[in-house]
Amino acid sequence: MHDKTLVELARALDAGEFSSRELTQHLLGRIDRLDGELNSFITVTFDQALAAADAADATRAKGNAGPLTGLPLALKDIFCTRGVKTSCGSKMLDSFVSPYDATVVEKLRAAGTVSLGKTNMDEFAMGSSNENSHYGPVHNPWDFTAVPGGSSGGSAAAVAAGLVPAAMGTDTGGSIRQPAAFCGITGLKPTYGRVSRYGIIAYASSLDQAGPMARTAEDCALLLGAIAGHDLRDSTSVARGVPGYSKELAAPLNGLKIGLPREYFGDGLDPAVEKATREAIAVFESLGASVREVSLPHTHYAIPAYYVIAPAEASSNLSRYDGVRFGHRCDNPADLIDLYKRSRAEGFGDEVKRRILIGTHTLSEGFFDAYYKKAQQVRRLIRQDFLDTFEEVDVLMGPASPTPAFDLGANKDPVSMYLQDIYTIAVNLAGIPGISVPAGFVGQRPVGLQILGSHFSEARLLNVAHQFQQATDWHRRRPAFAEENA
Amino acid sequence: MALEHADVQRAAHLARLGLNDDEAAGYVDDLGRILEMVDMLQALDTEGVAPLAHPLDATQRLRADEVTESDQRDEFQRCAPAVENGLYLVPRVVE
Amino acid sequence: MQWETVIGLEVHVQLATRSKIFSGASTAFGAEPNTQACAVDLGLPGVLPVLNEAAVAMAVQFGLAIHAEIPEVSVFDRKNYFYPDLPKGYQTSQMYHPIVGAGEVEITLDDGSTKRIRVHHAHLEEDAGKSLHEDFHGMTGVDLNRAGTPLLEIVSEPDLRSAKEAAAYLKAIHSIVTYLGISDGNMAEGSMRCDVNVSVRPRGQEAYGTRAEIKNVNSFRFVERAIAFEVERQVELIEDGGKVIQETRLFDPDRDETRSMRTKEEANDYRYFPCPDLLPVVLDQAYVDHLRSNLPELPAEKRARFEQELGLSAYDASVLSATREMADFFEEAKNVCGDAKQAANWVQGELSGALNREGLPIADSPVSARQLGELIARVMDDTINGKAAKQVFQALWNGQGASADDIIEAQGLKQVTDSGAIEAMIDQVIAESPAQVAQYRDAEPDKRGKMIGYFVGQVMKASRGTANPQQVNQLLKEKLDALC
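Remember, predicted model here, so these are calculated numbers, not experimental data. (Residues numbered from 1 in each chain as written. Chains lettered and ligands numbered in written order. Predicted model: local features only at pLDDT ≥ 70, side-chain atom pairs only at ≥ 80, totals over all residues. Heavy atoms only, no water.)

Draft legend 1. Structural context of the environment of A:Met92. All names here are of chain A. Secondary-structure assignment places Met-92 in the loop between β2 (72–76) and α4 (103–110). For the pair Met-92 and Gly-327, spaced 235 residues apart in the sequence, the C-alpha separation amounts to 5.3 Å. What Met-92 contacts, discounting residues up to four positions off in sequence, is Phe-124, Tyr-321, Gly-327, His-328, Ser-343, Arg-344, Gly-347 and Phe-348. (Helix = DSSP H or I, 4+ residues; strand = E, 2+ residues; numbered from the N terminus. Contact = heavy atoms within 4.5 Å.)

If you want it as structure tokens, here you go:
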């Protein structure tokens, strides 16, 4: 059961092979047995999950089942979930039980999905390894000495380990695509504004975007259809119709024009990753696509621009954690300043403080123009690179990360950790969609192929990824950890 | 642009983050290297390029002026650290 | 040395929307603490703002009313600072691209002269909550009901030169926003508050002196008093060889002084940057034109019309156009009676006197504009005389009748104009007053005019005030002179 995709599970539920309750119980049992070691969940909602499964079974019995009814999934602990602890991986919110549902959570609930719980993540989504969680690091199911990637590391690891067939993540600089790549699953970051941000704890508001993480592009299509759409509660969500993402999956790739950004195959790229990536691209050629080299000349400015914009927005977004209305409050504050300073010093972890300090510094008087304004100008140039390129080609392809999953504890230095996101970060600055699909291995560790498209081209990306998965079986591989513990 | 101890202390105060001197010293080093990486931006000529605040060229949608929220004080204050008579309590503010 | 005062005002006007600027919570005043603070107002993790259309419309209406330019694009920024009444740790405001550009406001001074005060810009922002300092075991209580109430901050140029001008400017803003109906203007409830920037400079000097900012002054009177105190303080300070420092001060109305807000805070650094949760507000021309074509007549226009078309004095026009309620009342009374000057006199005289005595706003006047207009009409068509009119007014005020006519009828106040009846009364008075008649007859002819008053009084008394005073005068004179 835990090996199947969402689409397969839906078929089995329809066929009466098992009930949603049985499926849910099976997965909760696996979480119970396996997650102690893996640490992919912060909160498991056993009772709510079984109640939702029973409700889904009842709906199905009445003949009212939709495509997602009774399907289990997990939510990154960044999605506010009514009545459930929503920690964002932080001590600051360890005591926070959300009084409301994020729009994504509401939509998934309405679609009849069964949430098993909240997955581990880098604190406030700041990180690329899931080592910045207050709840401890998550292990990579393929190799316990490796990181699962971040910040949606818990979601990626849970799916890869067969604890849940799909999970929701968020991606501010690669936080869906990179952990999907590291864990050998499929992860889609939609166009900025495609999915409502309401109820998603903000890291960097102009970059954050939620998306599905699952075994296949087909499953991602199913989930994206359920969560996408205009939300009146999010000013930045886009009023634009949601296409039938599943319908276009089967389109052939004849004539597809693929661009390979020169800058994504340069220095720092692990040769084994490059080899796997180029072999994957060859598969597309065999499917009738043409490949040409293109250039995104401002690629190397993406990380510096990101580390101005994201921390600046974060420094402001995280000011609300002041120990007054919710969240951690220090003991016996002497005065107001002490309340603020100690509550925040105790509640936030190291990386979060680092980014708050960077953001505060770069926004402060005398520095704003040199940093923030400059970074926004560069942001325009980076977006323009993509817009220009998509005049020539349909999609861009390259590695999701320069290396496979690195060892836990390997990147102690923040700057070298930041540089890991070289291929994912520009995408958020430009607001375009991107998907990472399993495309091979380096030793035991998976490699992800990243496919990028123009704004609102999710249907095309899913189609391209799906066709690749029809021709390859990387996405069917399961880590020994999941197999042994069947 | 070099970063000094005082810059970190100043940012920490503005951000209301309690840092002792040792912690601040650690951040001077980290932040210094991050800013060094960021300073690469200065090499790029952006003369005449309009800053981009949002990735899409969208404009603000307006909400009708209607009261849609009802009182949920009890639920909201369930996760509050200190409340009395419906008020959030903080150490005395002196004006 | 002669000193000149330079004043600029930042007026914060709470806009009269039903819901908050970025959330659907109610803005009603006086609710139980924190019962009107929704998830968005509290800044719960994950919430997002959506801009209220009415707040935008009201801001634009104000801009149009002060003939300001309305930029096509305005942008919301975040002003970052920590304070318990500021839930998100930032205030959403407009720093660089405000919704209303430069405009001007005409103020009327006591002598009836006018002056134009330039407005630098006006921007939208959210109000903060309130800190309550009653003793909660030595703690401060925070009520966030007000958090997120839309504010329009109107920033003047430093064009004001005296406390009186500043008060007149504040009144002019008050009158514009209440005319537009975009604020209730209730200063006691904090619907209008202002920060006052004051500096002094030697008369003739061009450079501005160092200014002090007096925060949160919330009445016309306090503005005058705060400025008066501050000017004196600054002048004394400089004349004693001191220097004014740029600082924020608070006005204490109980002590009638301003004092420095001693905060441990070093200079603020608000780290403004564009709010990433809100997109640029783009106003298309058709929308602005639509709002423009629906603007009501504004105080300055009304004042000009009252002067030019109705022939009122500058003073009357200014008083009667000061508030929309006053102007509407006057205009209805005028339309009913058909005479602007009479209506102006009655509204400013009898009616205002009665309202002031009872401390009532004109909106709560027991005598309606129609009733007053009908009363004035009865004076003008000689149905009643002036004395009876006052009686009728009092009766209307006391609710003793539905209309002037009813009261005139019921109390028999109709003026007697039948000269036969008046002559009969005069004859009787003359017959009963031989001594006074003798005095009259013996007096020098140029003294007699004064002496006739006695007889008029007697006749009016005999008629219970209903005789037409002009007729009485005329006939008495004829009859008495005939006796001489």
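Draft legend 2. Examining unusual backbone geometry more closely. Residues and elements named next belong to chain A. The omega torsion across Gly-150 and Ser-151 is 5°, close enough to zero to call that bond cis. Positionally, Ser-151 belongs in the loop between β3 (114–119) and α5 (153–160). Located in the positive-phi region is Cys-88, a residue other than glycine, with phi close to 60°. Locating Cys-88 in the fold gives a position in the loop between β2 and α4. On the accessibility criterion, Cys-88 (0% relative accessible area) is buried. (Buried < 20%, exposed > 50% of the residue type's maximum accessible area, 1.4 Å probe, protein only.)

Draft legend 3. Up close: the sheet that holds strand β1 (residues 3–14) of chain C. Residues and elements named next belong to chain C. The sheet built from eight strands is open, its strands ordered β6-β7-β10-β1-β11-β12-β13-β14 with mixed pairing. Each end of this open sheet is capped by a strand with a single partner; those strands are β6 (103–108) and β14 (257–260). Neighbour-to-neighbour, the strand axes of this sheet turn through a mean angle of 30°, independent of strand direction. Sheet analysis places β1 next to strand β10 (residues 150–156), joined by five bridges and oriented antiparallel. Each residue of the ladder has a partner; that of Gln-14, found in β10, is Leu-151. On top of the sheet, helix α4 (residues 220–239) reaches β1, β11 (192–202), β12 (212–217), β13 (247–252) and β14; it is set at about 30° to β11, its chief contact. (Pairing = 2+ DSSP bridges. Axes fitted to C-alpha atoms, helices over the stretch in contact; angles between N-to-C directions.)

Draft legend 4. Fine view of a negative patch on the surface. On the surface, a cluster of negative charge is contributed by C:Glu232, C:Glu236, C:Glu239 and C:Asp240. Within the secondary structure, C:Glu239 sits in helix α4. (Patch = residues over 30% accessible without salt bridge, like charges linked within 9 Å, V, L, I, M, F, W, Y side chains within 5 Å. Areas by Shrake-Rupley, 256 points an atom, 1.4 Å probe, with all protein chains shown as cover. Salt bridge = Lys/Arg side-chain N within 4 Å of Asp/Glu carboxyl O. Lys, Arg positive; Asp, Glu negative; His and termini not counted. Charge placed at Lys NZ, Arg CZ, Asp CG, Glu CD.)

Draft legend 5. Structural view of empty space enclosed by the protein. One pass over the structure, following the stated rule, counts five cavities of 30 Å³ or more. Within this model, the largest cavity holds a volume of roughly 180 Å³. Along its surface, the largest cavity is lined by 23 residues, and C:Phe22, C:Val40, C:Lys88, C:Thr92 and C:Glu126 are the ones closest to its centre. The set of elements that each furnish at least two residues to the lining of the largest cavity consists of α1 (39–42) and β5 (90–93) of chain C. Residue composition of the lining of the largest cavity, by class: 12 nonpolar, three polar and eight charged. As a volume, the second largest cavity reaches approximately 90 Å³. Taken together, 14 residues make up the lining of the second largest cavity; nearest its centre are A:Gly127, A:Ser128, A:Ser175, A:Tyr306 and A:Asp421. When the residues that make up the lining of the second largest cavity are grouped by side-chain class, the tally is five nonpolar, seven polar and two charged. (1 Å grid on protein atoms, 1.4 Å probe; cavity = no way out; pocket = protein on both sides within 12 Å on 5 of 7 lines; lining within 4 Å. Points joined across faces, edges and corners; volume = space filled by probe spheres on them. Nonpolar A, V, L, I, M, F, W, Y, C, P; charged D, E, K, R; others polar.)

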